[in-house]
Each structure stands twice: as structure tokens, then as C-alpha cells.
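Spelled out from the first residue to the last, the chains are:
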Amino acid sequence: MEGLVMKTCEGPVNIAVIKYWGKRNDELILPMNDSLSVTLHVDHLRSRTTIACSPVFKEDEFWLNGKPFPINERMRTCIEEAKKHISEEKKELSKYKLRICSENNFATAAGLASSAAGFACLVYCLAQVYGIDEKVVDLTILARRGSGSACRSIYGGFVWWQKGTSDDGHDSKAVQVASEARWPELRAVILVVSHKQKDVSSKDGMKRSRETSQLLHFRSKQIVQQRIESMIKAINAKDFDAFAEITMKESNQFHAVALDTFPPCFYMNDVSRNVIDLVNKYNAYKVDMGSSTRYSAAYTFDAGPNACIYLQDKDLSEFLSIIVSSFPSIEKEYVRGLPVEVVSSSVDIFP
Ligand code: DP6
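Cut-offs applied
- Residues numbered from 1 in each chain as written.
- Predicted model: local features only at pLDDT ≥ 70, side-chain atom pairs only at ≥ 80, totals over all residues.
- Helix = DSSP H or I, 4+ residues; strand = E, 2+ residues; numbered from the N terminus.
- Buried ≥ 20, exposed ≤ 12 C-beta atoms within 10 Å, placed from the backbone.
- Contact = placed C-beta atoms within 7 Å.
- Core = buried A, V, L, I, M, F, W, Y, C linked by C-beta atoms within 7 Å.
- Pairing = 2+ DSSP bridges.
- Domains from an automatic or database assignment.
- Nonpolar A, V, L, I, M, F, W, Y, C, P; charged D, E, K, R; others polar.
- Near = placed C-beta within 6 Å.
- Axes fitted to C-alpha atoms, helices over the stretch in contact; angles between N-to-C directions.
- Arc of directions from axis to C-beta.

Caption draft 1: Structural detail: the environment of Gly 148. Examined against the element boundaries, Gly 148 turns out to sit in the loop between α3 (139-144) and β9 (158-162). In this structure Gly 148 comes out as buried when scored by C-beta crowding, with 27 C-beta atoms within 10 Å. Between the C-alpha atoms of Gly 148 and Arg 210, which are 62 residues apart in sequence, the distance is 15 Å. If near-sequence neighbours (up to four positions away) are discounted, Gly 148 is found in contact with Tyr 20, Ile 29 and Pro 31.

This is how it looks when you write it as C-alpha cells:
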């Protein structure tokens, strides 16, 4: 096809250890507090997007996982913002319509950071199509306009989203704290408790939390910044005890905020709580067995029931065998009708 430009890109998910929850500006997606995450670079947790651009296309079109969808407002913003930075030699392309085809190879909107991977991928792909100079334009700022957490998926390794102080959001961006090479022994295990879409989206949940949860306001003013500093120290020192304790406390506090929201948001289910119990028991067992660290595994949950367990390579096979031997109880839950499809998949965070 004459004049056709086409690019395909892949975007990774990221799982926050310091949680983003609550916006100070909904339209620009400016967060109330900083957050920090680990990017999981694995084949079976990624978003893939192909963008085609041609003078013969009559309108912009979008397919997600093989089905056509209207281009939503946030996608439209990313496209329009990207066009503002189009390179001189590609200027002509800004008049052409786009066909965007995305697929996630994991649960969409089930608390597995699908929007993060999806928007990071979309923005990266737009940048390729439009010849955007990454040295001049911060792609994390563009990705943030699609979904806040997406700004952290632009980088690998350990990524810090700085909330910024400006009203226009030019300083609300993500930076890499350390690359994956900093801590190659770190692993993540994802426990897919449910593929069901969450009842309350992150967007709606965090708006409701901002309007009703005093805990959220306290946390974002008094707690998060200190935790960010401690977490960066923990990562640089590869201090798993500190990393694990902050990660679990953050997850707990985020879900406490969800409960403090009125009406409350319930993101975890009984199986999620069983997973927390199991991690606590595993940590206690390891101490009994003479482990020199207080923690050997750390759980974290986003806005859904699926668990992410961080641990170190040396404990991975043992932990997985414990998970597998816990399957009977999980299957019983399934029999009782909970939407459980527990799959434990060991993820090499940094292949
Ligand atoms: C619980 O980035 O999905 O996963 O900015 O409205 O698109 P929007 O929200 P989103 O929220 C993610 C929230 C979280 C915590 C986190 O990833 O930091």
C-alpha cells in the first residue's frame, strides 16, 4: 500500500512496590504521591501493539485482543500529544489516519497492570511511527497521559514516578532508579487468582478514595516520601528485608485505603488473603530454619485479587513447591464457586 508506515512494539507490565493511588489532577493524570515499581520483562506478561498509518485510511480505528473498540479519550490524548512532537521529516504523517491493533497476553483490567503495559506500548509505538526524538521528548510524560502507571513501564528495572510540583505536569515523570542488572537475583511469582475484570476501575476507585478517604490524604502527605527514600536505599543495597517490609506494608496500606473509601472498594478476595497468610507463614518458617533474613518473600496486590510475590532466586523453587502443595485448598475454594484459576508462574523478572 502506497505511503503505508507500520511499526510493532512490545510493552512490559510493572508492579508497584510503592503504590500510586489518587490524582491531584484527573485530566493531566497528576498523582497525589510518588510511586515506585519493578518492571517485569517476561514474554508471557506483555502488551503488543501494531500501528499502521496510511493516506488511504478513512478514520482512526482500534482493535484490542482481536475485537474492534472505539478510540477512548485517553488514547486520543496520547495520539494528539504524540503528534505535537512529530519529527520534521514525518510531518506529513500527522494528517493520516491510524489503525491500532493491541493484544495483551494476560488478564486485561484484572489488576495485572494491563493498562500500564498497553499505554506504554502505544506511546512507544507512536514515537516510532512519528519519529519522535526521545532525547528531546520524555515518553514517560506522554505515557502518563494514557494511564498513570504506564509511565513506569517505559523503563526496565526499578522505576520511580516523581509526582512533580507543576500544574501543567511537565515534571511529573518516571526515572530509572536502577537497572535490572542491579539485582539479578530478584524474582517475581504471579499468582493469577482471577481473570475477572475488576468491579471498580482504578480510575473510579482512586477518585472515590480522594473524595472520601482521610487515610489516603494522610498517607500521601506523611508516609509515602519516606518510604520512597527507604525503598531506593533498599534497592541500591540489595537489602531484601527492607524491600520486603516496605512492599508488604505498602500493599496493606493501599488496601486499607480502598476499605477506607466510601463506599469501600474490595479488590482482594479470600484467596488473596490466603496468599498473604501463606507468605507470612513461609517467612516465619524460614526464620525457624535459621534464615539470616527476617523475610524471604513479599506479597503485593494492586487493584485486583491477583498476587505478585517478590523473592530471591535461592528461595524460588522451595516457595513454588509450597504454592503447589497449597493447591488443594485453592481448588476447594474453586469448588465453592470463587472465580479462582490459580496458576503460579515463576517469572524471571530480568531475563
Ligand atoms: C493500584 O495507572 O491503572 O496499580 O492512572 O487512572 O489509569 P489510571 O490508573 P492506573 O492505576 C494503577 C494503580 C495501582 C498502583 C500502581 O500501579 O502504582
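Don't stop here, the text continues.
Caption draft 2: Quick peek at the nonpolar core. One finds Ala 120, Val 123, Leu 126 and Ile 309 to be the most contacted residues of the largest nonpolar core, which totals 90 residues. Contacts of Ala 120, omitting those with residues within four sequence positions, involve Gly 11, Ala 143, Ala 150, Ser 153 and Ile 154.

Caption draft 3: A look at the pairing of strand β4 (residues 35-40). Burial of β4 is extensive: six of the six residues sit out of reach of the surface. Of the pairings in the sheet, the one linking strand β1 (residues 5-18) to β4 comprises five bridges and is antiparallel in character. Its bridge partner lying in β4, Asn 14 is registered against Thr 39. Pairing between β4 and β9: four bridges, direction antiparallel. Bridging across to β9, Ser 37 finds its partner in Val 159.

Caption draft 4: Spatial organisation of the domain arrangement of the protein chain. The domain boundaries assigned to the protein chain delineate domain 1 (5-179) and domain 2 (186-343). Of note, the centres of domain 1 and domain 2, computed from C-alpha atoms alone, are 25 Å apart. For the side of domain 1 that touches domain 2, the elements supplying multiple residues, two or more each, are β1, β4, β9 and β10 (173-178). Partitioning the side of domain 1 that touches domain 2 into residue classes produces 17 nonpolar, three polar and four charged.

Caption draft 5: Representation of the site of the ligand within the structure. Near the ligand lie 15 residues; those nearest to it are Ala 16, Tyr 20, Ser 147, Gly 148 and Ser 149. Taken together, the elements giving at least two residues each to the shell around the ligand come down to α2 (114-129) and α4 (202-212). Among the domains, domain 1 (5-179) and domain 2 (186-343) are the pair contributing at least three residues each to the shell around the ligand.

Caption draft 6: Representation of the sheet that holds strand β7 (residues 67-69) within the structure. The eight strands are arranged β7-β6-β8-β5-β1-β4-β9-β10 in an open sheet whose pairing can be described as mixed. Of all the strands in the sheet, the pair left with one neighbour each is β7 and β10. In this sheet, neighbouring strand axes are inclined to one another by 30° on average, regardless of whether the strands run parallel or antiparallel. Sheet contacts for helix α6 (residues 224-237): β1, β4, β9 and β10; angle to β1, the most-contacted strand, approximately 105°.

Caption draft 7: Representation of α4 in the model. Burial in α4 covers these residues: Ser 202, Gly 205, Met 206 and Ser 209. Viewed along the axis of α4, the buried residues span an arc of 90°, placing them on a single side of the element. In α4, the exposed positions angled more than 90 degrees off the buried face are occupied by Asp 204 and Glu 211. Looking at the packing, one finds that the buried side of α4 touches β2 (23-25), α5 (214-222) and α7 (240-260).

Caption draft 8: Structural context of the environment of Ile 232. With respect to the helices and strands, the residue Ile 232 is situated in helix α6. In this structure, the C-alpha to C-alpha distance between Ile 232 and Val 177, residues 55 residues apart in sequence, is 7.1 Å.

Caption draft 9: Seen up close, the pairing of strand β8 (residues 97-104). Residues Leu 98, Ile 100, Ser 102 and Asn 104 of β8 are buried on one face, while the alternating residues Lys 97, Arg 99, Cys 101 and Glu 103, pointing to the opposite face, are not. The pairing of strand β5 (residues 46-54) with β8 spans eight bridges and is classified as antiparallel. Among the inter-strand pairings, Thr 49 is bridged to a residue of β8, identified as Ser 102.

Caption draft 10: Main features of unusual backbone geometry. With an omega dihedral of -5°, the bond running from Phe 262 to Pro 263 counts as a cis peptide bond. You will see that Ile 29, though not glycine, has its phi angle at about 50°, which is positive. Position of Ile 29 among the secondary structure elements: in the loop between β2 and β3 (30-31).

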